[in-house]
Amino acid sequence: MIVAGTHTADITPKTSVDLNGYILRFGKSQGIHDPLKANFFYIESGKEKMLLASLDILTISSETANKLRNEISIQLKMKKEAIILAAIHTHSAVGSPYLRNVGEESGEWLEDFEKKIVDGCKIARNSALECELYSYEAYSSVGINRRNPSRGIDPYVPFIVARKNSEITAMMINYNCHPVCLTESNLLISADYINYLRDSIYQRLDQHFPILFFNGGSGDVDPKCRGSFEDAKYTGSKLADEILLSLQAYKGERLSDDMYCKSASMRIPYDWQPTVEEAEENLEIYSQRLEQAQTKEEEKTAKAFYLWASDVLEQTVANTLPKSIDIDITSLSIGKAMFLAVPLEIFSSISLKLRKRFGNNSLFVISYGNGYSGYLSDKAAHVEGGYEIDDWHKYAGILPKVPYIEDIFWESINKLGNK
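This is a predicted model, so every value here is computed, not measured. Starting afresh in each chain, residues are numbered from 1 along the sequence in its written order. Given that the model is predicted, a residue must reach a pLDDT of at least 70 before its local features are reported, and side-chain atom pairs must reach 80 or more before they are shown or counted; all residues, however, enter totals for whole chains, interfaces and linings. Side-chain numbers here rest on the full set of heavy atoms in the structure, without hydrogens or water.

1. Concerning the pairing of strand E4 (residues 83–87)
Phase 1 of the analysis: Relative accessibility decides the category of a residue: with a 1.4 Å probe and only protein chains considered, values under 20% of the type maximum give buried, values over 50% give exposed, and everything between is partly exposed. Only DSSP runs of H or I with at least four residues qualify as helices, and only runs of E with at least two residues qualify as strands; both kinds are numbered from the N terminus onward. Counting buried residues in E4 gives 5 out of 5 residues, a clear majority hidden from the surface.
Phase 2 of the analysis: Neither face of E4 is open: one carries Ile 83, Leu 85 and Ala 87, the other Ile 84 and Ala 86, and all of them are buried.
Phase 3 of the analysis: Looking at chain direction, strand E3 (residues 48–55) and E4 are connected through 5 bridges and run parallel. Bridging across to E4, Ala 53 finds its partner in Leu 85.
Phase 4 of the analysis: Viewed with both strands pointing away, a crossover whose connecting path from the first strand over the helix to the second turns clockwise is right-handed. Note on the crossover from E3 through helix H1 (residues 62–75) to E4: the handedness is right-handed. Two strands pair if DSSP finds at least two bridges between them.

2. Looking at the state of the cysteines
Phase 1 of the analysis: When the sulfur atoms of two cysteines come within 2.5 Å, that pair is taken as a disulfide. By the definition in use, this model includes 0 disulfides.
Phase 2 of the analysis: Cysteine Cys 131 remains unbridged, with the sulfur of Cys 121 as its closest cysteine sulfur at 17 Å.
Phase 3 of the analysis: The class for Cys 131 is buried, based on a relative accessible area of 10%.
Phase 4 of the analysis: Between Cys 261, a free cysteine, and Cys 121, which holds the nearest cysteine sulfur, the sulfur-to-sulfur gap is 15 Å.

3. Description of the sheet that holds E4
Phase 1 of the analysis: Taking strand neighbours across the sheet as the criterion, the 5 strands line up as E4-E3-E2-E1-E5 in an open arrangement whose pairing is mixed. Each edge of the open sheet is held by one strand with a lone partner, namely E4 and strand E5 (129–130).
Phase 2 of the analysis: Contacts are assigned to residue pairs with any non-hydrogen atoms lying within 4.5 Å of each other. Fitting a line to C-alpha atoms yields each axis, with helices limited to the stretch in contact; the angle taken between N-to-C directions then spans 0 to 180 degrees. Sheet contacts for helix H2 (residues 107–126): strand E1 (3–10), strand E2 (37–45), E3 and E4; angle to E2, the most-contacted strand, approximately 35 degrees.

4. Describing the environment of Asp 154
Phase 1 of the analysis: As for its position among the elements, Asp 154 is in the loop between strand E7 (143–145) and strand E8 (156–164).
Phase 2 of the analysis: Its relative accessible area of 0% is what places Asp 154 among the buried residues.
Phase 3 of the analysis: The spacing of Asp 154 and Ser 140 is 14 residues in sequence and 8.8 Å in space, taken between C-alpha atoms.
Phase 4 of the analysis: Dropping the residues within four chain positions of it, Asp 154 is found in contact with Tyr 175, Asn 176, Ser 348, Ser 351, Leu 352 and Arg 355.
Phase 5 of the analysis: Polar contact is the term for a pair of N or O atoms within 3.5 Å; when the atoms are in protein, one must be able to donate a hydrogen and the other to accept it, and sequence-neighboring residues count only if both atoms are side-chain atoms. Only 2.5 Å separates the side chain of Asp 154 from the side chain of Ser 351, close enough to count as a polar contact.

5. Comments concerning the packing of aromatic side chains
Phase 1 of the analysis: The criterion for an aromatic pair is that two Phe, Tyr or Trp rings (for Trp, the six-membered ring) have centres within 6.5 Å, with stacked assigned to planes under 30 degrees apart, edge-to-face to planes over 60 apart and tilted to the rest. Per the counting criterion, the structure on display carries 19 aromatic pairs.
Phase 2 of the analysis: Pairing Tyr 372 with Trp 392 gives two aromatic rings, centres 5.8 Å apart and planes at 85 degrees, and the pair type is edge-to-face. With Tyr 372 in the loop between strand E17 (363–366) and strand E18 (375–376) and Trp 392 in helix H9 (residues 387–395), the pair connects residues that are 20 residues apart, well separated along the chain. Assigned by exposure class, Tyr 372 and Trp 392 land together as buried.
Phase 3 of the analysis: Each ring, one from Tyr 375 and one from Tyr 387, has its centre 6.0 Å from the other, and the planes form 85 degrees; the classification is edge-to-face. A residue pair is termed long-range when its members are at least 10 positions apart, and Tyr 375 in strand E18 and Tyr 387 in helix H9 qualify at 12 residues.
Phase 4 of the analysis: Counting every residue linked through ring pairs, the aromatic cluster contains Trp 272, Tyr 286, Phe 305, Trp 308, Phe 347, Tyr 368, Tyr 372, Tyr 375, Tyr 387, Trp 392 and Tyr 395.
Phase 5 of the analysis: The ring of Phe 358 has Arg 357 lying over it, and the distance from NZ or CZ to the ring centre is 4.9 Å. Counting as a charge over the ring demands two things of the Lys NZ or Arg CZ atom: a distance within 6 Å of the ring centre and an angle within 35 degrees of the ring normal.

Laid out in structure tokens, this is it:
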């Protein structure tokens, strides 16, 4: 028997804040287009307990995720490994780590956020009632591979519907596309196309319930339509169309109450360990670029790279520059459905390989899960280079990852077994 509980909390900042996600955004937020939500789904079967939360923020830092999962595991008397806190990755919201020279996270907001997450998990647990879960799949191509439009994306849209009798009590959706219909010119807080996805489902079904959105193999995928709220509405409503069509056309597969969780560690080496002399030369390069900047846009980017080079030098001199980064991969299974959470931005090619690896169209590939540490790019991207390979760590990380990170990932995935 499955019992499940849900809750939705408003996590919108109460004051104007620095929005995260775009280096070329100027100015703090100037209002709220749509409130940011945290949606919770607690599930229990026998002695097994699981908790999933979808957060309308850019990213949740590894430090915050670890702190919250520890607290939730204590409060709900459950395994930390059975908790997934995942950001949807909207670029019109808060969420750390902040890009260099973009802004700072609001301490007031973070304190309020952390309390609401812990409280929301407890409310979801306390509202748990017997229900049935049904698994569906849809397909959509509202996204496009931003590195090469002819390369393709992961078009799978697995979703799960929780029902109590005929009433839908929750829905969990997995799709693979950056929420960046809204560009750096937007200063209104928003969940981007995911807000319109939810609204379209509510309007068409004439019901209101928590919708947990999990962003998947979106590391190299952007929406085809970008630039305005109209583009966000188009993208969200078209994605909703495909989900609702599948919901209408198929009965769905009822999930059994067989539940378990697993986790695997992954150590990612860094590809550069500069000497003090090399770090000094690196700083000089970016100092000159900053001096030569002629527009405010050039200066904003140059300042970010200068700050990065300064951080590299400082840590090199102090002998504190890390040689690697450790992350955890979390796997939760409910019947045939599987939630695989990684604190990285997964490339679409790796997402497709994961579906083949597990042979499971009910696989939820979850990027930005339980933290954030940059991109999980494939080996082809490391040959090509580009922003995700050459520049991301200058904005928010510290050093470039090794080009064989994909191989390390598969070694970690193999520790999880076949389910």
